Amino acid sequence: MDNSKQIKHLYARAGFGIDLTDLHQQRNWSPKKALKKLFKDSETITPLQAVTENLDITFGSRKDATEEERKMLQEKRNQQEKALNAAWMLQMSNTKAQLREKLTLFWHNHFACNIGNYYYQQQLNNIQRKHALGNFKTLLVEVSQSPAMLQFLNNQQNYKGHPNENFARELMELFTLGRGHYTEQDIKESARAFTGWAYNGKTGDFTFRPGSHDNKPKTFMGRTDNFCGEDIIDIILDNKQTAKYISTKLYRYLVNEIPDEGHVNQMADVFYNNKYEIAPLLEFVLTADWFYEDKNVGNLIRSPVELLVGLDRRFYITYNNPDVLLQFQRTLGQVLFRPPNVAGWPGGRNWIDSSSLMYRMKIPSTILNAGVIDFAGKATPEDEAYLASQRKQQFNVIKRVQAQPDWNKFLQGVPLKISHEELAQYLLEPPINARIKAEVDAAPDIKTLVIQLVSTPEYQLC
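Below or above, wherever it landed, is the structure these notes cover. This structure is a prediction, so every number in the text was calculated from the model and none was measured.

Overview of the packing of helix 5 (residues 67-94) against helix 16 (residues 304-315)
1) Next: Axis separation between helix 5 and helix 16 bottoms out at 8 Å; the angle between their running directions is 55°. Here helix 5 lies oblique to helix 16, going by the angle between them. The handedness of the crossing between helix 5 and helix 16 comes out as right-handed. For the pair helix 5 and helix 16, the contacting residues are Met 89, Met 92, Ser 93 and Asn 94 in the first and Val 305, Leu 308, Val 309, Asp 312 and Arg 313 in the second.
2) Next: Taken together, the residues of the contact of helix 5 with helix 16 sort by class into five nonpolar, two polar and two charged.

In C-alpha cells, the structure reads:
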C-alpha cells in the first residue's frame, strides 16, 4: 500500500517536512510506524549552548556605567541574540529530532517570553526542549520557576503584603485554563500563594524566600487553605479545562485552525486521563483517522520559521552570513526569542497579509536562485528588458544573501523517472490545481520547476 500522502502529511505537521529519499523509503509504512520512528529519533535531547555568559551577573546593574560601557554591553547582548537565534535555526534545520524541535517551537510560543537576557532565554528554551514530549506539569513548574519567566512576569516583585498579580494572571489566562475560567479573586488569591518565588540575582538559581511568602490562608477556586505556588498549580491541573485548553491550542497547531469540538474533547480526555503526559496525546492525534482527512491536509499556513527551516532541510542550504536568516524572520514577522507580547504570535491567517505574502513568495527564489525566477517560453522584448534588470539584481542578491543550496544533494534524491506532476505533488501539500498544472507542464527542467513551485502561494501551506 502506498501511504506517501499520509507520511508526507505526518512529517509536515509533526516535523518540518520529509525529503524525497526518506519518503520513498517509508512510502509503504503505516503512519503509526512512521510516527514511532519520529519519536525514536527525538529521544535525543540536544540543549542549545550558544550563550555562555550571563551578562546581568557579569556586569550587574551598574548605575555608574559610562555611555561607552553601556554601548559595549548592548553590543554584547545583540551578539548573544544573533548567536542564540542562529543556533536554534541551525538545530531545527539539521536535527533528526524534528518532532522534539517542532514541539519546542510550540511551547516557545505557548510560554512566550521576551527579555534582554539571552542566557536566561536559552535556559528557558532548553527547559521547553527537555520536556517538549514529557509531562506538562513538570514543564509548567520548571517554566514558572525559570529566571526568564520570573523576570518577564514580575514575580521578582511579588511580596507578602504587596502581591504582584502579573504571573498569576498569565498562568491561568495563557498557560493553563484560558480566559473566562477563573475570577479576579482567584488571581488575587493565587498571586499571594506565589509570593516568595524568585531567583537569586547573583547565581541565577530559583529560590524560595520564606520571608517574602504570605503564610495566611487563601481561598482559590472554592478551596481554602494555606496554599503555596505548587498547590495552586495542582488545583489548576485538577480542572479538566486545562487539558481542553492545551488540546485546543495543539489542535490548531497540528490539525486545523478551526477546532473540531468533538476531536478536541477526545484529545482532552486522553491528556487528562494520562496525567498530562504529552507523548500519548501526540500519538492519539497523529494516528487518528481524522488527522489524515483531506480537509486537514494542506490547510495550515506555515509560520515564517517553519517556512525557512523547511527550505533549509529540503535544499540543504548553507548561509555564509547567518544574519540573513534573522533579517528574513524580521521581514516575515516572527523572530525567535522575540514574541510580540506574552500571548505570543497569534499565528494562522495572521501570518499573511498582502505585504508578507509578496516576501514569502520572493524569499524562496532569493535563497535558491539568487533572487531570480526563470520564466519558461520565448521572452518578449519587455521580458528581455525585465530579465536584464533581474540579472543585475541577481548579482546584488548573491552578494547580500550569501546562501548556497546544495542542488546536487537535492537532485540526487529525485528519482530519474519522476514526472513533473509527481514532483509538484511532493513539494506542495494542497492538491494540484489547473494553474499549477499549466506551470508544471511548461517548466523546461527540474530546477526551474522547483523554484517556480516554492514561489507559489500554495507552498505557504502545509
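The discussion continues.
Concerning the layout of surface pockets
1) Next: In this model, the largest pocket occupies a volume close to 870 Å³.
2) Next: Per-element tally for the lining of the largest pocket: the top contributor is helix 13 (residues 240-254), with seven residues.
3) Next: By residue class, the composition of the lining of the largest pocket is 13 nonpolar, 13 polar and nine charged.

Regarding the packing of helix 17 (residues 323-332) against helix 18 (residues 354-369)
1) Next: Relative to each other, helix 17 and helix 18 sit at 160°, their axes nearing to 10 Å. One finds that helix 17 runs roughly antiparallel with respect to helix 18. In terms of crossing hand, the pair formed by helix 17 and helix 18 is left-handed. Residues Phe 328, Thr 331 and Leu 332 of helix 17 lie in contact with helix 18, whose contacting residues are Ser 356, Tyr 359, Arg 360, Ile 363 and Ile 367.
2) Next: When its residues are assigned to classes, the contact of helix 17 with helix 18 shows five nonpolar, two polar and one charged.

What about the nonpolar core?
1) Next: Judged by nonpolar contacts, the single largest core of 125 residues is most densely connected at Trp 107, Phe 136, Phe 315 and Ile 367.
2) Next: The element contributing the most residues to this core is helix 13, with seven residues.
3) Next: Setting aside residues up to four positions removed in sequence, Phe 315 forms contacts with Leu 368, Pro 405, Asp 406, Trp 407, Phe 410, Leu 427, Val 450 and Val 454.

Observations concerning the packing of aromatic side chains
1) Next: Using the criterion set out here, one finds 22 aromatic pairs in the structure.
2) Next: With 5.0 Å between their ring centres and 50° between their planes, Phe 106 and Tyr 253 make a pair best called tilted. Note that Phe 106 is positioned in helix 6 (residues 98-110) and Tyr 253 in helix 13, a separation of 147 residues in sequence. Here Phe 106 and Tyr 253 have matching classes, each one buried.
3) Next: Judged by centre distance (6.2 Å) and plane angle (70°), the ring pair of Tyr 119 and Tyr 120 falls under edge-to-face.
4) Next: The partly exposed category is assigned to Tyr 119, whose relative accessible area is 29%.
5) Next: For Tyr 120, a relative accessible area of 2% gives the class buried.
6) Next: Linked through ring pairs, Phe 106, Trp 107, Phe 111, Phe 136, Phe 175, Tyr 253, Phe 271, Tyr 272 and Tyr 276 together constitute an aromatic cluster.
7) Next: Taking NZ or CZ as reference, Arg 314 lies 4.8 Å from the ring centre of Tyr 426, over its face.

About the cut-offs
Residues numbered from 1 in each chain as written. Predicted model: local features only at pLDDT ≥ 70, side-chain atom pairs only at ≥ 80, totals over all residues. Heavy atoms only, no water. Axes fitted to C-alpha atoms, helices over the stretch in contact; angles between N-to-C directions. Helix = DSSP H or I, 4+ residues; strand = E, 2+ residues; numbered from the N terminus. Parallel < 35°, antiparallel > 145°, perpendicular 65-115°, else oblique. Left-handed = near helix turned anticlockwise from the far one by under 90°. Contact = heavy atoms within 4.5 Å. Nonpolar A, V, L, I, M, F, W, Y, C, P; charged D, E, K, R; others polar. 1 Å grid on protein atoms, 1.4 Å probe; cavity = no way out; pocket = protein on both sides within 12 Å on 5 of 7 lines; lining within 4 Å. Points joined across faces, edges and corners; volume = space filled by probe spheres on them. Core = buried A, V, L, I, M, F, W, Y, C linked by side-chain atoms within 4.5 Å. Buried < 20%, exposed > 50% of the residue type's maximum accessible area, 1.4 Å probe, protein only. Phe/Tyr/Trp six-rings, centres within 6.5 Å; stacked < 30°, edge-to-face > 60°. Lys NZ or Arg CZ within 6 Å of the ring centre and 35° of its normal.

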